[in-house]
Amino acid sequence: MDSSVYVFVEDLRGEGVERVLDRISAYGVGGITVGAVHHASRDVTPHGLSRLTIRHDGAHFPPPSDLFAGLRLSPVPGYLNALDGLREACAKRSMKLHGWTVFLRNATLGTKHPDVTVRDCFGDRGSLTDLCPAHPDVREYAVALARAVARQGVDSVVAESLHFRPLKPQRSFVPLGPMDAYLFGLCFCDYCMRRATDLGVNAEVARDECARIVGGVFDGDPPAQGEVTRAALTAYAGPEVVAYARARSETVTTLVSEVASAVADEDSKLVFIDSTGAVKGYTDGLPTPGLAAHDAWQLGVDLVALGDLVPAFGVLAYARDAARVADDVGAYLRSVGKDREVRAVLRPGYPDSDSTDRLVAKARGAKAAGALAVDFYAYGLVPHPVLDRIPAALSEAL
């Protein structure tokens, strides 16, 4: 069974490539998934060079000039030498190298070019971190970025944020229900509305209805209760809103298809990750009831369609319960097809795993459900004693 550990370039810079790879190799892990392109964050890093690490938006390699010549959007420069010698160091240990790429989450590009970011039903561009996958400039950038990472000699390009993202305000003292937040998070930029219109949707009606409902909650109406489902959304917001939400999958599917083809042209393969598992369970490892594969449509992800286009999928199995991990993996396989490679991404420590036994049970459950690989997130974010649980988990999964 294949395996990897997610690694940030700051881990490699702080502890040294040889030291990090020696430790991970000693766990019996088959490779690393390195953050070749990442987003800004501020992380507690218990064994890092700094115990509080500030990360910036950045591509951590020199972008090939031929790929971005003439494009409006180009990668934000990161640590341009971070991947130097990494391919060779992995090969020396018979380890694979995967290029973890955050595509459409980039506040630096969004702040510089706000017109390429999502626009809500009120006409506001208040999510400058979120590049819209319907915008032509964003689509060109994503395809070029995928090619650039593939050219680093990676075994796969692991795609994160290659779809719409949910609304995530830093502060809100308005009690928005899940359906209200979903409606508020829909993008109504010109390109999204045009694509929906081309598919027969009355996009203006959908936008006006979202503004009416969310605006009513802002004015004191009670928020909607319950989980977001198509049936509940139809009853709450009407069929045009649901049709508009469905149209987003065409935007994402066509973009992912272009990216997957570009990666294949560079002799690598795409591993697609949708963020639904993280949306559900990131904070506490207690995901909301609906399985991630069943709710991926909310981010514009049509797993059935992507199963015909993408060779491999990563499942963010952020859950404390081993049975839930198995259920999520199984649901993905039923959606994308039994012949697809599914990789279960597990967190070996807080908040998902409080012991080696719990991590072992989840690795066992993922394998039994059909996962062909188990990946562990993430090297620099958890203490060494937590990472030391990995060999026991792999012994059950292999």
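All values derive from a computational prediction rather than experimental measurement. (Residues numbered from 1 in each chain as written. Predicted model: local features only at pLDDT ≥ 70, side-chain atom pairs only at ≥ 80, totals over all residues. Heavy atoms only, no water.)

Where charged atoms from two side chains of opposite charge approach closely, those side chains can pair. Counted according to the given criterion, the structure contains 28 salt bridges. A salt bridge links Arg 212 to Glu 209, with the shortest nitrogen-to-oxygen separation between them at 2.5 Å. Placement of the pair is Arg 212 and Glu 209 together in helix 9 (residues 203–218), with a separation of three residues, close to one helical turn. You can call Glu 209 partly exposed: its relative accessible area is 23%. One salt bridge in this structure joins Lys 280 and Asp 295, with 2.8 Å as the shortest N-O distance. Of this pair, Lys 280 sits in helix 12 (residues 276–281) while Asp 295 sits in helix 13 (residues 292–295), placing them 15 residues apart in sequence. (Salt bridge = Lys/Arg side-chain N within 4 Å of Asp/Glu carboxyl O. Helix = DSSP H or I, 4+ residues; strand = E, 2+ residues; numbered from the N terminus. Buried < 20%, exposed > 50% of the residue type's maximum accessible area, 1.4 Å probe, protein only.)

For Val 158, the position within the fold is in strand 9 (residues 156–160). Judged by its relative accessible area of 4%, Val 158 is buried. Taking the C-alpha atoms as reference points, Val 158 and Gly 337, 179 residues apart in sequence, are found 19 Å from one another.

Turning our eyes to something else, we now look at the side chain of His 384. Position of His 384 among the secondary structure elements: in helix 17 (residues 384–387). In this structure the side chain of His 384 is engaged in a polar contact, spanning 3.4 Å, whose partner is the side chain of His 47. Setting aside its immediate chain neighbours within four residues, His 384 contacts Glu 15, Arg 23, Tyr 27, His 47 and Tyr 379. (Polar contact = N/O pair within 3.5 Å; in protein donor to acceptor, adjacent residues only side chain to side chain. Contact = heavy atoms within 4.5 Å.)

This part is about unusual backbone geometry. Cis geometry marks the peptide bond from Tyr 350 to Pro 351, where omega comes out at 0°. Relative to the elements of secondary structure, Pro 351 occurs in the loop between strand 12 (341–346) and helix 16 (356–369). The step from Tyr 377 to Ala 378 runs through a cis peptide bond, and the omega angle for that step is -5°. Tracing the backbone shows Ala 378 in the loop between strand 13 (373–376) and helix 17. Its identity as a non-glycine residue notwithstanding, Ser 161 has a phi of 60°, on the positive side. Along the chain, the position of Ser 161 falls in the loop between strand 9 and helix 7 (178–185). Phi angles above zero are rare outside glycine, and Asp 267 is one such case at about 65°. Residue position: Asp 267 is located in the loop between helix 11 (239–265) and strand 10 (270–273).

Direction vectors running N to C along helix 6 (residues 136–150) and helix 11 enclose 30°, while the axes themselves pass 8 Å from each other. In terms of orientation, helix 6 lies roughly parallel with respect to helix 11. Like other packed secondary-structure pairs, helix 6 and helix 11 cross with a definite hand, here right-handed. In this structure, helix 6 contributes Arg 139, Ala 142, Val 143, Ala 146, Arg 147 and Ala 150 to the contact, and helix 11 contributes Thr 251, Thr 254, Leu 255, Glu 258, Val 259, Ala 262, Val 263 and Asp 265. Classifying every residue of the contact of helix 6 with helix 11 gives eight nonpolar, two polar and four charged. (Axes fitted to C-alpha atoms, helices over the stretch in contact; angles between N-to-C directions. Parallel < 35°, antiparallel > 145°, perpendicular 65-115°, else oblique. Left-handed = near helix turned anticlockwise from the far one by under 90°. Nonpolar A, V, L, I, M, F, W, Y, C, P; charged D, E, K, R; others polar.)

The next subject is the packing of aromatic side chains. Remark: the centre distance and the inter-plane angle together describe each pair of aromatic rings, the angle taken between the planes. Using the criterion set out here, one finds twelve aromatic pairs in the structure. Three or more aromatic residues link up through ring pairs in this structure, and these residues are Tyr 6, Phe 8, Trp 100, Tyr 282, Tyr 318 and Tyr 377. Cation over ring: Arg 55 sits above Phe 8, and NZ or CZ is 3.7 Å from the ring centre. The ring of Tyr 282 carries Arg 347 above its face, with NZ or CZ at 5.1 Å from the centroid. (Phe/Tyr/Trp six-rings, centres within 6.5 Å; stacked < 30°, edge-to-face > 60°. Lys NZ or Arg CZ within 6 Å of the ring centre and 35° of its normal.)

A word on the nonpolar core. When a protein is soluble and globular, its nonpolar side chains tend to lie buried together. If you look at the biggest cluster of nonpolar residues, it comprises 123 residues, and the most contacted ones within it are Ile 32, Phe 103, Leu 183 and Val 259. If you tally residues by element for this core, the top one is helix 11, at twelve residues. Aside from chain neighbours lying at most four places away, what touches Phe 103 is Leu 131, Tyr 141, Ala 142, Leu 145, Ala 146, Val 157, Ala 159, Glu 160, Ser 161, Leu 162 and Val 259. Of all hydrophobic cores here, the second largest spans 14 residues; its members include Trp 100, Val 271, Ala 278 and Tyr 318. (Core = buried A, V, L, I, M, F, W, Y, C linked by side-chain atoms within 4.5 Å.)

This part is about the side chain of Asp 274. Topologically, Asp 274 is positioned in the loop between strand 10 and helix 12. In this structure the side chain of Asp 274 is engaged in a polar contact, spanning 2.3 Å, whose partner is the side chain of Thr 276. Apart from residues lying up to four places away in sequence, Asp 274 is in contact with His 163, Ala 296, Leu 299, Val 301, Leu 303, Gly 314, Leu 316 and Tyr 332.

The subject of this paragraph is helix 9. Taking 1.5 Å of rise per residue, 16 residues should cover 22 Å, and helix 9 covers 22 Å from first to last C-alpha, within 8% of that figure. Buried residues of helix 9: Ala 203, Ala 206, Cys 210, Ala 211, Ile 213, Val 214, Gly 215, Gly 216 and Val 217, and no others. Its buried side turned inward, helix 9 meets helix 7, helix 8 (190–198), helix 10 (230–237) and helix 11. Following helix 9 by one or two positions, Gly 220 adopts a phi angle in the positive range, close to 115°. (Expected span 1.5 Å × (residues − 1).)

Next up on the list: the packing of helix 7 against helix 9. Two elements in contact, helix 7 and helix 9, have axes separated by 9 Å at closest approach and are oriented at 130°. Classed by the angle they form, the pair helix 7 and helix 9 counts as oblique. Both helix 7 and helix 9 take part in a crossing whose hand is left-handed. Residues Asp 180, Leu 183 and Phe 184 of helix 7 lie in contact with helix 9, whose contacting residues are Cys 210, Ile 213, Val 214, Val 217 and Phe 218. Split by residue class, the contact of helix 7 with helix 9 holds seven nonpolar, no polar and one charged.

Okay, helix 8 next. Listed as buried for helix 8 are Cys 192, Met 193 and Ala 196. All buried residues of helix 8 lie within an arc of 95° about the axis, which places them on one face of the element. The secondary structure elements touched by the buried residues of helix 8 are helix 9 and helix 11. Downstream of helix 8 by a residue or two, Gly 200 has a phi angle that is positive, lying close to 90°. (Arc of directions from axis to C-beta.)

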